[in-house]
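So you can see what is in the structure, the chains are spelled out below.
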Amino acid sequence: MFNRFDLAPLDGSNCGEYRIVFAKQSGLFDPNDRNLIIFEAAVPNPNPSCGIEGCRPIAQFWADLSQIDDITEIRDRVEDFYFVDAAGAGPVVHADNYGPKGGQIRTNMFMNGPNAWQLRQFEFVHDCGGSACIKPTLLKDNPFPELFQDDSPWPGAEAFQEWFVRQVPNLEKAGSNLFFTTDVGTFASGASNSEGEFDNYRIQSGFSGSFRQKVQDAITLPGLTADNIINRALALSCAGCHEHNNFGENLDFGDGLPWEPSLGFVHISEEFTAEGPFGTRFPLSDAVRFVFLPHRGEVMQNFLSETACEPCTDKGVKQFGPPDPSKFLPDGFDSVEGMTIGGPRSGH
C-alpha cells in the first residue's frame, strides 16, 4: 500500500492517491509469467470548500501512524482507512475513485506473448452500454515514441514536436521530482514497453536532425543538452521510470540531478523479500527509497507544519474565502494551476 498525498491538487479537488499493489502469484516461481496490478484511488476531499486544507485529516492520519510501534494496530487502522472510511472521505476502495474523474488502475506485466514487459492503464466506467466496466485508456505522461522521429510517419508528429519544444522550460526545472511536462493529451500512448528500444525517446529522436536542434535551441540552462531534456521526458514515462533510465546514457539528466534504478522493470518486487522494522516485507527499489520517498515525506511534513490560525470551517470560508494554497508552491513556481501539493502533476 502506498500513500500518495503528494498527488493532491493544490486546489483541493481531491486529496491525492492511495494505492494497493497486487502481484500474480505465478511470478514467485515463473519469471516469464508476472503481472503486477496497481489500484490507484483518487480520494475525494472530505471538506472541499476548504480547498487543500480540507485534506489535513488525511495527511494527519498517515503522520500519526509513524507514532505507533504495534504492527497489528497499524494494520487495523490502515485496513479501516482503505475499506471503511478515509478520515471522513469514505473508503479508499470504491469504484468512483478509479476514474474517469480521478484515479486509475495500472498493470505492469511480463506474460507469455509477443509484448514482453509492458505497462498499461485502465479506468472504471459506470456505463459501458448497459453495465459498468473497466476499460483501457491512454497512459499519462507517455508520448507515443515514434512522434520523436524527424521523419515520423504519424500525422500528428509536427504538432507534437512543437508541443515538446514548448516543454523544455518545464523539463529544465531543478529537482528529480520537479521537472515535468503539461498534459500529453492526444499524443499519449496506449501502452509503454520497458523491453527493447521502441519506447526509448532518445533513440527514437536519432542523434542529429532538426527536431533535436530545436530542443537544443530552446534550452536556457547552461550545460544542458537535448539528450538531457529527452532523458528527463523519458523518466516521466512508465518504461523510462521502470527500466530505460536505469543505466547508460539514459541516466544522464544533466545539472547533476540524481537518479536511482528500479528493481529491473518493477519498483516493488514479489520475487523476493527483505527484512524491515516490523519483519519480512517486499522490497522497494532504490528510486523509490532514495529519490521519491524523501520528497514525499518532506511534502507531507511541510504541509502539516503549516498550521492555520484556526481550523477551516464552512462559516470561515463564506466570510473570508478558502485558505490560500500558494504558500505550498515549491521554489521556482508562481501559479497553483495544475500543481499538486508535491509539485507539478506527474504520472508516477
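Quick look at the structure, then.

1. Re the overall build of the protein
A tally of regular secondary structure across the protein gives 10 helices and 11 strands. The C-alpha atoms of the protein give a radius of gyration of 21 Å, which matches the 20 Å a tight globule of 348 residues would have. Principal-axis analysis of the C-alpha atoms gives the protein an extent of 60 × 55 × 50 Å. When each of the 348 residues of the protein is scored for burial, the buried share is 50%. Expressed as a percentage of contacts within the protein between residues at least 6 apart in sequence, the contacts between residues at least 24 apart total 60%. Just so you have it, the protein exposes about 16,900 Å², and 54% of that area is on carbon and sulfur atoms.

2. Considering the side chain of S205
Within the secondary structure, S205 sits in the loop between helix 5 (201–204) and helix 6 (210–218). Residue S205 is classed as buried on the basis of its relative accessible area, which comes to 4%. Within the local environment of S205, its side chain forms a polar contact with the backbone oxygen of R202, the two atoms lying 2.8 Å apart. Excluding residues that lie within four positions of it along the chain, S205 makes contacts with F148, F211, R212 and I230.

3. Some thoughts on the side chain of H267
Mapped onto the fold, H267 is located in the loop between helix 8 (238–242) and strand 8 (274–276). With a relative accessible area of 12%, H267 lands in the buried category. Reaching out from H267, the side chain makes a polar contact with the backbone oxygen of C241 at a distance of 3.0 Å. At 2.7 Å, the side chain of H267 forms a polar contact with the side chain of S285.

4. Notes on the packing of helix 1 (residues 56–65) against helix 2 (residues 71–83)
Two elements in contact, helix 1 and helix 2, have axes whose closest approach is 11 Å; the angle formed by their N-to-C orientations is 165 degrees. What the angle tells us is that helix 1 and helix 2 run roughly antiparallel. Seen along the crossing, helix 1 lies across helix 2 with a hand that is left-handed. Across from I58, F61, W62 and L65 in helix 1, the residues of helix 2 making contact are I74, R77, V78, F81 and Y82. Across the contact of helix 1 with helix 2, the residue classes tally to eight nonpolar, no polar and one charged.

5. Quick notes on the pattern of salt bridges
For the structure shown, the criterion picks out 14 salt bridges. Taking the shortest distance from any N to any O, the salt bridge between E270 and R34 comes out at 2.8 Å. Pair noted here: E270 is in the loop between helix 8 and strand 8 and R34 is in strand 3 (residues 34–42), with a separation of 236 residues, a long-range link. In this structure E270 comes out as buried when scored by relative accessible area, which is 5%. For R212, the salt bridge goes to D227, with nearest N and O atoms at 2.6 Å.

6. Structural notes on helix 7 (residues 226–236)
Counting buried positions over the 11 residues of helix 7 gives 11, a clear majority of the element. Regarding helix 7, the residues found buried are A226, D227, N228, I229, I230, N231, R232, A233, L234, A235 and L236. Packing partners of the buried residues in helix 7 comprise helix 3 (157–166), helix 4 (168–171), helix 5, helix 6 and helix 8.

7. Here's the deal with the nonpolar core
Within the largest apolar cluster, 37 residues are counted, with the highest numbers of intra-cluster contacts made by F5, Y18, W62, F81 and I341. Mapped onto this core, the elements with two or more residues apiece are strand 2 (17–23), helix 1, helix 2 and helix 9 (286–305). For this core, the leading source of residues is helix 1, giving five residues. Membership of the second largest hydrophobic core comes to 33 residues, among which are A188, I219, A287 and V291.

8. Let's talk about the pairing of strand 4 (residues 104–110)
In terms of burial, strand 4 is largely enclosed, as seven of its seven residues are buried. Residues Q104, R106, N108 and F110 line one face of strand 4 and the alternating positions I105, T107 and M109 line the opposite face, and both faces are buried. The pairing of strand 3 with strand 4 spans seven bridges and is classified as antiparallel. Looking at strand 4, one finds that I38 is bridged to R106. Sheet topology places strand 4 next to strand 5 (residues 117–125); six bridges connect them, and they run antiparallel. Each residue of the ladder has a partner; that of N108, found in strand 5, is L119.

So, how was this worked out
Residues numbered from 1 in each chain as written. Predicted model: local features only at pLDDT ≥ 70, side-chain atom pairs only at ≥ 80, totals over all residues. Heavy atoms only, no water. Helix = DSSP H or I, 4+ residues; strand = E, 2+ residues; numbered from the N terminus. Rg over C-alpha atoms; globule rule 2.2 N^0.38 Å. Buried < 20%, exposed > 50% of the residue type's maximum accessible area, 1.4 Å probe, protein only. Contact = heavy atoms within 4.5 Å. Areas by Shrake-Rupley, 256 points an atom, 1.4 Å probe, with all protein chains shown as cover. Polar contact = N/O pair within 3.5 Å; in protein donor to acceptor, adjacent residues only side chain to side chain. Axes fitted to C-alpha atoms, helices over the stretch in contact; angles between N-to-C directions. Parallel < 35°, antiparallel > 145°, perpendicular 65-115°, else oblique. Left-handed = near helix turned anticlockwise from the far one by under 90°. Nonpolar A, V, L, I, M, F, W, Y, C, P; charged D, E, K, R; others polar. Salt bridge = Lys/Arg side-chain N within 4 Å of Asp/Glu carboxyl O. Core = buried A, V, L, I, M, F, W, Y, C linked by side-chain atoms within 4.5 Å. Pairing = 2+ DSSP bridges.

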